[in-house]
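# Residue-level structural notes
Chain by chain, the residues run as shown.
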Amino acid sequence: MSSSFSRLPDTQGYFGEYGGRYVPPQLEKVLQEITEAYEKIRNDESFQKELDYLYKQYAGRPSPIFHAKTLSERCGGAQIYLKREDLNHTGAHKINHCLGEVLLAKRMGKKKVIAETGAGQHGVALATAAALLNMECDIYMGDIDMEKEHPNVTRMRILGAKVIPVVRGTRTLKDAVDAAFEAYLADPETIFYAIGSVVGPHPFPMMVRDFQSIVGKEAREQFQEMTGKLPDYLIACVGGGSNAMGLFNAFLEDKEVRMYGVEPSGLSLNEGEHAASLTLGKPGVMHGFKSYMLQDEEGNPLRVYSVASGLDYPSVGPQHSFLKDIKRVEYVTVNDQEAIDAFFELSRVEGIIPALESAHAVAYAMKVAPTLPKTTTLLINLSGRGDKDIEFVVNKYGKNYGL
Ligand SMILES: *Cc1c(COP(=O)(O)O)cnc(C)c1O
């Protein structure tokens, strides 16, 4: 198994049977151009140097690892460590791939980057990278989401991006994807479509993984320096799967390191009340790639839900599907209530307010830590900070936590 991971995906963009490129012919050509451009810059020293510079001097990398001693003590078992992606500029891991994607778009001579956004996190990270690198930026967003996530709309506008309201269909993420896609197809020569996770047609799952892999690369060195060993367990939440792949990638060949991807089981395991694509879904094709997904008989996405809006996607990056099938990574679930408990626990005992997405990973660590000896180490990817979630959490759940 040893060298097999570094060669994935294959030249067609497959991780085993997952991934690929299921798109209309006109898009096939543009994606091939992006693939070729990426293959070129991937090994280009000046590109890597520029990206490393931005990671360090702009985004604030390397993000530290913190030993959460009080939380570990309270759990009464394994030692819990946090990779602090919440400390990055803009407050999450998304800046890692947005800087890479916008830099690539610029090298390709594109004038504009576009994307859809649901809660606005990807939109803000992309608008930030676009402002920095002097690119136009259009963000498509359902008008219902725009109202719900108003502070992020304001942020994007301050950063100089154009936020385009999508007023058709469900007026949420699903229709924003279609609107952004149409805009892209109308002018693929000047536009770069920046996908926000390790999903979509080849080369995006590979490219976004590579840009995020800085997380695991740093963590592997930092953890060994701190403890003299590799972590025993890695834990990360999985929406599309980019922060998880970013951490896991550097450890895939370390057979002794166990890995857990945490999906949201939301309110229940009933249809429409969760977004556990790997746990409860089946292989299928949607949004241009093959993966596990939550899909009806006709291939339409099923309704999904999670208290963490960054996790409610009905599919998942194809590499995760592959890693599930070969049993290299185990995929587990955490529900809304467990995530909310973890959100308050980490805030109150460590002084770190996590994003609701990241709180899912913390919740799983809190579940397994008590079952393990004190010598076992767990490393969580703390993908983002919770500032964006505080108002919602206090309004909906504050009562039970003395607020
Ligand atoms: C968007 C987001 C996620 C989910 O995306 P992945 O691609 O699964 O990493 C997780 N955490 C935070 C803080 C996010 O903003």
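Residues numbered from 1 in each chain as written. Predicted model: local features only at pLDDT ≥ 70, side-chain atom pairs only at ≥ 80, totals over all residues. Heavy atoms only, no water.

## Some thoughts on the environment of Ser63
Within the secondary structure, Ser63 sits in the loop between α2 (45–58) and β3 (65–67). Along the sequence, Ser63 and Leu87 sit 24 residues apart, while their C-alpha atoms lie 6.5 Å from each other. (Helix = DSSP H or I, 4+ residues; strand = E, 2+ residues; numbered from the N terminus.)

## Thoughts on the site of the ligand
Of all residues adjacent to the ligand, which total 15 residues, the nearest are Lys94, Ser197, Gly241, Ser242 and Ser383. The side chain of Ser197 places a nitrogen or oxygen atom 2.6 Å from an oxygen atom of the ligand. A distance of 2.7 Å is found between a nitrogen atom of the ligand and a side-chain nitrogen or oxygen belonging to Ser383. Protein contacts shield 96% of the accessible area of the ligand, which totals 380 Å² for the unbound molecule. (Near = heavy atom within 4 Å. Polar contact = N/O pair within 3.5 Å; in protein donor to acceptor, adjacent residues only side chain to side chain. Areas by Shrake-Rupley, 256 points an atom, 1.4 Å probe, with all protein chains shown as cover.)

## A word on the domain arrangement of the chain
Domain boundaries assigned for the chain yield domain 1 (25–56 + 94–209) and domain 2 (62–91 + 213–401). If you average the C-alpha positions of domain 1 and of domain 2, the two centres end up 23 Å apart. Each partner contributes to the interface: domain 1 provides 17 residues, whereas domain 2 provides 24 residues. Summed over both sides, the interface between domain 1 and domain 2 buries roughly 1,600 Å², with carbon and sulfur atoms accounting for 64% of that surface. Area buried by domain 1 at its contact with domain 2 is led by Val198, Val199 and Arg209, which between them contribute 32% of it. (Domains from an automatic or database assignment. Contact = heavy atoms within 4.5 Å. Buried area = accessible area lost by both parts, 1.4 Å probe.)

## As for the nonpolar core
If you look at the biggest cluster of nonpolar residues, it comprises 89 residues, and the most contacted ones within it are Val113, Leu126 and Phe192. Looking at which domains feed residues into this core, each of domain 1 (25–56 + 94–209) and domain 2 (62–91 + 213–401) supplies at least three. With sequence-adjacent residues up to four places away left out, Val113 is seen in contact with Val102, Ala105, Leu126, Ala130, Met135, Glu136, Cys137, Asp138 and Phe192. Counting 40 residues, the second largest nonpolar core, distinct from the first, contains Cys75, Ile340, Leu346 and Ile352. (Core = buried A, V, L, I, M, F, W, Y, C linked by side-chain atoms within 4.5 Å. Buried < 20%, exposed > 50% of the residue type's maximum accessible area, 1.4 Å probe, protein only.)

## Comments concerning helix α1 (residues 25–42)
With 18 residues, α1 should reach 26 Å at 1.5 Å per residue; the first-to-last C-alpha distance of 25 Å fits that figure. Of the positions making up α1, those classed as buried are Leu27, Val30, Leu31, Ile34, Thr35, Ala37, Tyr38 and Ile41. The elements touched by buried residues of α1 are α2, α4 (94–107), α8 (173–186), β8 (191–193) and α9 (204–212). (Expected span 1.5 Å × (residues − 1).)

## What about the packing of α9 against helix α10 (residues 214–227)?
Running from N to C, α9 and α10 cross one another at 35°; their axes reach a closest spacing of 5 Å. Here Asp210, Phe211 and Gln212 of α9 come into contact with α10, specifically with Ile214, Val215 and Gly216. For the contact of α9 with α10, the residue count by class is three nonpolar, two polar and one charged. (Axes fitted to C-alpha atoms, helices over the stretch in contact; angles between N-to-C directions. Nonpolar A, V, L, I, M, F, W, Y, C, P; charged D, E, K, R; others polar.)

## A closer look at the pattern of salt bridges
By the definition in use, this model includes 20 salt bridges. Two residues, Glu28 and Arg21, come together in a salt bridge whose shortest N-O distance is 2.9 Å. We note a salt bridge from Glu33 to Lys29, for which the minimum N-O separation is 3.9 Å. With Glu33 and Lys29 both in helix α1 and four residues apart, the pair spans about one turn of that helix. Residues joined by salt bridges that share partners form a network here, namely Glu39, Arg42, Arg209 and Asp210. (Salt bridge = Lys/Arg side-chain N within 4 Å of Asp/Glu carboxyl O.)

## As for the side chain of His97
Tracing the sequence through the fold places His97 in helix α4. For His97, a relative accessible area of 0% corresponds to the buried category.

## Thoughts on the packing of aromatic side chains
Applying the stated rule across the entire model yields twelve aromatic pairs. Judged by centre distance (5.8 Å) and plane angle (80°), the ring pair of Tyr38 and Phe211 falls under edge-to-face. Note that Tyr38 is positioned in helix α1 and Phe211 in helix α9, a separation of 173 residues in sequence. Residue Phe211 is classed as buried on the basis of its relative accessible area, which comes to 3%. Here Phe47 and Phe211 contribute two aromatic rings whose centre-to-centre distance is 6.4 Å and whose plane-to-plane angle is 35°, an arrangement assigned as tilted. (Phe/Tyr/Trp six-rings, centres within 6.5 Å; stacked < 30°, edge-to-face > 60°.)

## Section: unusual backbone geometry
For the bond running from Leu8 to Pro9, omega is 0°, close enough to zero to count as cis. Relative to the helices and strands, Pro9 resides in the segment before β1 (14–15). Pro62 follows Arg61 through a cis peptide bond whose omega is -5°. Among the secondary structure elements, Pro62 is positioned in the loop between α2 and β3. Notably, Arg171 is not glycine yet its phi reads approximately 55°, a positive angle. Relative to the elements of secondary structure, Arg171 occurs in the loop between β7 (162–166) and α8. The exposure class of Arg171 is partly exposed, given its relative accessible area of 34%.

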